[in-house]
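What follows is the residue order along each chain.
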Amino acid sequence: MSTTLDQTWYMTQRQLMAIVRQPVFVVITLVQPVIWLFLFGSLFRKVVELPGFGGGSYLDYLVPGVVVMSAVSSNMWAGMGTLEEIERGTLNRFLTTPVSRAALMNANVVQQGFSTAGQSVIIVLLGKLGGADYPGGIGGIVLLIIASIMLGTVFGAFSNALGMLVRQRESIIGINTFLLLPLTFLSSAFMAPGLMPSWMRHVADFNPVNWALVAGRSAMSADPDWGDVLSRGGGLLALALAAVWLSTRTFRSYQKSV
Amino acid sequence: MTAHAPAVVAHDLIKTYPGGVRALDGMAVTVEAGTVFGLLGPNGAGKSTTVKILTTLARPDSGAAVVAGHDALRHPDRVRRAIGVVAQKSGADPVATGRENLLLQGRLYGLRGAALGKRADELLDRFDLTAAGRRMVKTYSGGMQRRLDVALGLMHRPQVLFLDEPTTGLDPEARTAMWEEISRLAGDEGLTILLTTHYLEEADRLAERIAIVDRGRVVAEGTPDGLKGELRGDAVHVELSRTPDEVDARLLATALGECAAVREVTFDGRRLSARADDGPAAVPRVLTALEQQGAAVASVTVARPSLDDVYLRYAGRRFSEADTAGHQDNSGRTGGTAPADPTGRTDAAGAHDDTAGNVPARTSGGAR
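Residues numbered from 1 in each chain as written. Chains lettered and ligands numbered in written order. Predicted model: local features only at pLDDT ≥ 70, side-chain atom pairs only at ≥ 80, totals over all residues. Heavy atoms only, no water.

- An unreviewed UniProt entry lists chain B under the name ABC-2 type transport system ATP-binding protein, from Actinacidiphila alni.
- Annotation of chain B in UniProt includes, under Sequence similarities (unreviewed entry), the sentence "Belongs to the ABC transporter superfamily. Drug exporter-1 (DrugE1) (TC 3.A.1.105) family."
- Annotation of chain B in UniProt includes, under Subcellular location (unreviewed entry), the sentence "Cell membrane". (UniProt positions renumbered as here; feature names shortened; annotations may be inferred.)

- The name given to chain A in an unreviewed UniProt entry is Transport permease protein, with the source organism recorded as Actinacidiphila alni.
- Chain A has a UniProt comment under Sequence similarities (unreviewed entry) that states "Belongs to the ABC-2 integral membrane protein family."

As structure tokens, then:
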């Protein structure tokens, strides 16, 4: 077991180094959140004045939305990296070594978790710079980030599975383009639930993206509803575990097609 | 694993890919420990699939494979510890340095601490990569990358090394350098090498034994010389200074037959072709016989049978034709039609005698 942990760390380290060495990609992935936070945020600054929104600052409301949306969008591309490693022969090279298969898969999850955490922290800090207020304190922010990591794990694992099974960039691009905005709009990311059309609000109840938002926002508020945090967080955890299990299974079918 | 057990034994391997492509159709291979064995065949013959099965990457539909004394199907983990694999595609991490790639590879086999660093530096030195060791792999030339690939495969001192088309995609200079490396590796104590190639010259030059693979099975196996020796002798070509008429030609053929040095004499214009058990030894007698008949000779060439001739005999088609026809396991690096003769030299990959306009001369001389 200690070997698997060691190996997971070595493989994670390798992936993190690759990210650190390509800072251009880090900058590119932060362009979108900045746009949502500051352009979209300024444009719709006055929606908080709508009766029923609850007042306050829209930036305060938007930061968790952008954190969660960014967690989804960046993890959705995980499959591209996997695909590249397959095409380059790197995955096959590892598969002919005694490295634990679990370590290979876990490294993806851990690396994505680190990346999501880093990205979330930057967005929270950017929000702070822009004048956002976080009444829930550090604890609330940490819970928002944990929820984002779990949500990111779900999408990352699906994307990896897709990369391994379909092995076409176009499929990943297509599915991501198709899913990201609808999943975001069918959640409370940008708009208070009370003001959403009722059918959208009902759909949102089943949307894991919304679970992360409900849990995160509640934890970040001055007076958290721990029931909401626990129920949505538990749902995300269960989903994340299922997604990781699924992508481990796809390893086997990948090997059949080698 | 006992000292004399073969390093690789596989038989009756059958593998069908989704879509009904039968990649292996009763493939069998036995490699004695400490030798270099070549799997030779065109693209799509099943070489890579065989390697994937022997290296535990793929599973056959049926058949058995034992590598380094372990059952590859039942105990793939044990096999993985004993083998080194250099696949067709590099697999090195482009955004890590050469040294980092080696260190990670070593860690996966349990190497740690000083021993790990020492082994990595040793291999960098051996493959002439010391200066490049701290540079990212994406800055490497094709030849450097390939050398790193081989170093990766050797990191944990494997018993059996698999080289899947080690020189495909390399320029002639890098290819020659890689051949030298592989020859040197072959001298390593106890290392068994199984290499696949679609270059006739490469197999001829590196492998002690060769199996010719066609359509998922072995069609001939033996030493390169043994396989070529099964063909009936060398080709002797004589170019006469003028075209003989029919009567003269018959006379010449009879005279040559009587001197007992050659057989299967044929004429094509002023070009005379024949077969001899020992080409060089036959040349003086052929020249004498022709001189006695008053035929002036412009040039004489002798060609050893090439592996292409062997392939033609066993697979029933010319190597280059088969290579263009099959693309199933084409890696994409070769750009489709790989030349059977990468270096432009033709001593091993020379064309069959009846198409040979430029058969290389081991003995060649003019008379009169």
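On we go from here.
With respect to the overall build of chain A
Here comes step 1: Within chain A, the regular secondary structure consists of eleven helices and zero strands.
Here comes step 2: In chain A, the succession of helices and strands from N to C terminus is α-α-α-α-α-α-α-α-α-α-α.
Here comes step 3: For a compact globule of 258 residues, the expected C-alpha radius of gyration is about 18 Å, and chain A comes in at 19 Å, within 12% of that figure.
Here comes step 4: Projected onto the principal axes, the alpha-carbon positions of chain A cover approximately 60 × 35 × 35 Å.
Here comes step 5: Within chain A, the proportion of its 258 residues that are buried is 50%.
Here comes step 6: Pairs at least 24 apart in sequence give 79% of the contacts found in chain A among residues at least 6 apart.
Here comes step 7: When the 16 positive and 12 negative side-chain charges of chain A are each reduced to one mean point, those points stand 10 Å apart. (Helix = DSSP H or I, 4+ residues; strand = E, 2+ residues; numbered from the N terminus. Rg over C-alpha atoms; globule rule 2.2 N^0.38 Å. Buried < 20%, exposed > 50% of the residue type's maximum accessible area, 1.4 Å probe, protein only. Contact = heavy atoms within 4.5 Å. Lys, Arg positive; Asp, Glu negative; His and termini not counted. Charge placed at Lys NZ, Arg CZ, Asp CG, Glu CD.)

Side note on the environment of L39 of chain B
All names here are of chain B.
Here comes step 1: Take L39: it is sitting in strand β3 (residues 36–40).
Here comes step 2: C-alpha separation for the pair L39 and E122, spaced 83 residues apart in sequence, amounts to 30 Å.
Here comes step 3: Discounting chain neighbours no more than four positions away, the residues touching L39 are M27, V29, K47, T50, L194, L195, T196, T197, A211 and V213.

Side note on the interface of chain B and chain A
Here comes step 1: Contacts between chain B and chain A engage 29 residues on the former and 26 residues on the latter.
Here comes step 2: With both chains or domains summed, chain B and chain A bury close to 2500 Å², and 55% of this area falls on carbon and sulfur atoms.
Here comes step 3: At the junction of chain B and chain A, the tally comes to three salt bridges.
Here comes step 4: Across the pair D6 of chain A and R112 of chain B runs a salt bridge, and its minimum N-O distance is 3.5 Å.
Here comes step 5: Across the contact surface, chain B and chain A share twelve residue pairs in polar contact (both at pLDDT 80 or more).
Here comes step 6: For the side of chain B that touches chain A, the secondary-structure elements that each account for two or more residues are β1 (8–17), α2 (76–82) and α3 (98–108) of chain B.
Here comes step 7: With six residues, the single largest contributor to the side of chain B that touches chain A is α3 of chain B.
Here comes step 8: Partitioned by chemical class, the residues of the side of chain B that touches chain A number 13 nonpolar, seven polar and nine charged. (Buried area = accessible area lost by both parts, 1.4 Å probe. Salt bridge = Lys/Arg side-chain N within 4 Å of Asp/Glu carboxyl O. Polar contact = N/O pair within 3.5 Å; in protein donor to acceptor, adjacent residues only side chain to side chain. Nonpolar A, V, L, I, M, F, W, Y, C, P; charged D, E, K, R; others polar.)

So, the side chain of R99 of chain B
Residue and element names in this part refer to chain B.
Here comes step 1: Summarising the element assignment, R99 is placed in helix α3.
Here comes step 2: Of note is the side chain of R99, whose polar atom sits 2.8 Å from the side chain of D121.
Here comes step 3: Those residues within four positions of R99 in sequence are excluded, and the remaining contacts are G117, D121, L124, G133 and R134.

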